[in-house]
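Examination of the molecular architecture
Chain residues, written in single-letter form:
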Amino acid sequence: MIEKHIVLEDIDPVMLYGAGNTYLQIIKALYPKLRIVARDNVIRVLGDEEQMSAFEENIEKIRKHVLKYNSINEEDIIDIIKGRKTKDDTSKDVVVYNISGRPIKSRSENQQRLIDAYEKTDMVFAIGPAGTGKTYLSIALAVKALKEKTAKKIILSRPAVEAGEKLGFLPGDMKEKIDPYLQPLYDALEDMLPAVKLQDMLEKRVIQIAPLAFMRGRTLSDAVVILDEAQNTTTAQIRMFLTRMGWNTKMIITGDLTQVDLPHGTTSGLREAIDVLKDVDGISIINMNEKDIVRHKLVTKIVNAYKKADIRNIRPSSLQNEDTEIESRKQIR
C-alpha cells in the first residue's frame, strides 16, 4: 500500500467535495480499495497502487472541470470517473463559464467576429454603442487565456476622464479616487472568477487593473491587455498605450465614439487610431451596432433615438431650451 497527498491549489475545495461532502462520498464509493480523507484543500489517499493512479488522474480531471466551468455536479463526477464526456464538454462555442456555471458565448454575429478576430490577430479594436458586450466579452477572452495558460497575466486599463466630477474633489486616496472609473472591469471579473480566487490574483498581480496614466514606460509581455473606454483617450495617450505591446501579448481596445467625454475641441485618440491603423496587417477592427446590444430592450431604443438625432444634426429640445436660457443670462449680465 502507498500513501499520497493531493493539494488543490487553484479551486475552492468545497466545490469538489460538495455540500456536506456529498461529492466526496460518491468518489469514495467508486474507489473501494482506497482510504480517502479530505481536510481543507488537501486530500490524503492510502491504498492500492493501481487504483491510486486512476484516482490521481481523475481528481486532476475533476479539478480542471471545476476550474473551467466553475461548477460540477454528481453526474459530472460519475461521467469523468467512468471516462465519459460531461454535458459541458459537449457544449460548443463557449468562451468561459461564469461563477454560476452559465456559459459565456457570442450572442450576435459581430460578437462572434470579435472572438474570431482575437484568435487570428494580436490587436483588436471593438467599436460600438453601450450594451454590445464589448468589455464583458473581451474580459471573458482574457480570463480564458489565463485559465488555459496561454497568457500569464491580464492587464486592464481605462482613461480616468471626468464626466461631471473632478478627481481632486472625490474623497479618499488615489486608489479610492480612481476605483469608480474601473468598477465595470471589476464587475465583469467578479462574474467570471470566484471572489477568493479573484482577490488572490489581484494581490499577486496576475490580474492588474490600472488607469491609463500608469502605463507609461512599461513593456507588456505574456499578457492579454484590454483598454476600455478608449474613446476618451487623446492621440498621445492611445499611441503610448499601443506601443507598450510586448512579446506573446494580445491587445483589445474597446470604445464608443458616440460617448466621448474629452474637453470640447479635443480629438478622440480612438477615432484617429482607427483611421491610421485600418490597413495595418495583424490588426482587426470590429464595428458593432444596435443589433448587438444585449442589455434591456430599452437600451436599443435609446441608442436608435440618439442615432436619429445625430443624423438630423439636432439636439434634444430640452438642451436647446437650456442653451437659450444660458444665452439670455449672459445678455442680462
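The notes below deal with the structure included here.

Definitions and cut-offs
Residues numbered from 1 in each chain as written. Predicted model: local features only at pLDDT ≥ 70, side-chain atom pairs only at ≥ 80, totals over all residues. Heavy atoms only, no water. Salt bridge = Lys/Arg side-chain N within 4 Å of Asp/Glu carboxyl O. Helix = DSSP H or I, 4+ residues; strand = E, 2+ residues; numbered from the N terminus. Pairing = 2+ DSSP bridges. Axes fitted to C-alpha atoms, helices over the stretch in contact; angles between N-to-C directions. Contact = heavy atoms within 4.5 Å. Patch = residues over 30% accessible without salt bridge, like charges linked within 9 Å, V, L, I, M, F, W, Y side chains within 5 Å. Areas by Shrake-Rupley, 256 points an atom, 1.4 Å probe, with all protein chains shown as cover. Buried < 20%, exposed > 50% of the residue type's maximum accessible area, 1.4 Å probe, protein only. Arc of directions from axis to C-beta. Polar contact = N/O pair within 3.5 Å; in protein donor to acceptor, adjacent residues only side chain to side chain. Parallel < 35°, antiparallel > 145°, perpendicular 65-115°, else oblique. Left-handed = near helix turned anticlockwise from the far one by under 90°.

Another aspect to go through is the pattern of salt bridges. Overall, the coordinates contain twelve salt bridges when judged by the stated rule. Taking the shortest distance from any N to any O, the salt bridge between Glu56 and Lys4 comes out at 2.9 Å. Note that Glu56 is positioned in helix H3 (residues 49-69) and Lys4 in strand S1 (residues 2-7), a separation of 52 residues in sequence. Between Asp122 and Lys250 there is a salt bridge; the shortest N-O distance is 3.5 Å. Taken as a pair, Asp122 in the loop between helix H5 (109-120) and strand S6 (123-127) and Lys250 in strand S10 (residues 250-255) lie far apart in primary sequence, 128 residues in all.

A sheet is described by the order of its strands in space; here six strands give the open sequence S8-S7-S9-S10-S6-S11, paired in parallel fashion. Each end of this open sheet is capped by a strand with a single partner; those strands are strand S8 (207-211) and strand S11 (283-287). In this sheet, neighbouring strand axes are inclined to one another by 15 degrees on average, regardless of whether the strands run parallel or antiparallel. When strand S9 (residues 223-227) meets S10, the two strands line up parallel, connected through four bridges. Looking at S10, one finds that Val225 is bridged to Met251. Along the sheet, helix H6 (residues 134-147) contacts S6, strand S7 (153-158), S8, S9 and S10; its crossing angle with S10, the most-contacted strand, is approximately 165 degrees. Helix H10 (residues 269-277) contacts S6, S10 and S11 of the sheet and is inclined by roughly 130 degrees relative to S6.

With that settled, the discussion passes to unusual backbone geometry. Of note, the phi angle at Asn70 is positive, near 60 degrees, even though the residue is not glycine. Among the secondary structure elements, Asn70 is positioned in the loop between H3 and helix H4 (74-81).

Turning to a nonpolar patch on the surface, a few remarks are in order. Together, Leu298, Ile302 and Tyr306 give the surface a local cluster of nonpolar side chains, amounting to about 320 Å² of exposed area. The topology assignment puts Tyr306 in helix H11 (residues 297-311).

Those residues of H10 that sit buried are Gly269, Leu270, Ala273, Ile274 and Leu277. For H10, the buried positions fall inside an angular range of 135 degrees around the axis, keeping them on one side. Taken together, the buried residues of H10 touch S6, helix H9 (235-242), S10 and S11. Where H10 begins, the side chain of Ser268 points an oxygen toward the backbone nitrogen of Leu270, at a separation of 3.3 Å.

Right, let's talk about the side chain of Ser157 for a bit. Relative to the helices and strands, Ser157 is located in strand S7. Once residues lying within four places of it in the same chain are set aside, the contact partners of Ser157 are Leu185, Ala210, Pro211, Leu212, Met215, Ile226, Leu227 and Asp228.

Before going further, it helps to spend a moment on the environment of Ile115. Tracing the sequence through the fold places Ile115 in helix H5. Those residues within four positions of Ile115 in sequence are excluded, and the remaining contacts are Val95, Ser106, Leu137 and Leu141.

As a further point, take the packing of helix H2 (residues 22-30) against H4. Between H2 and H4, the least distance of the axes is 10 Å, while the angle of their chain directions is 25 degrees. The angle between H2 and H4 places the two elements in the roughly parallel class. H4 is crossed by H2, and the crossing has right-handed handedness. Residues Tyr23, Ile26, Ile27 and Leu30 of H2 form the contact with H4, whose own contacting residues are Glu74, Ile77, Ile78 and Ile81.

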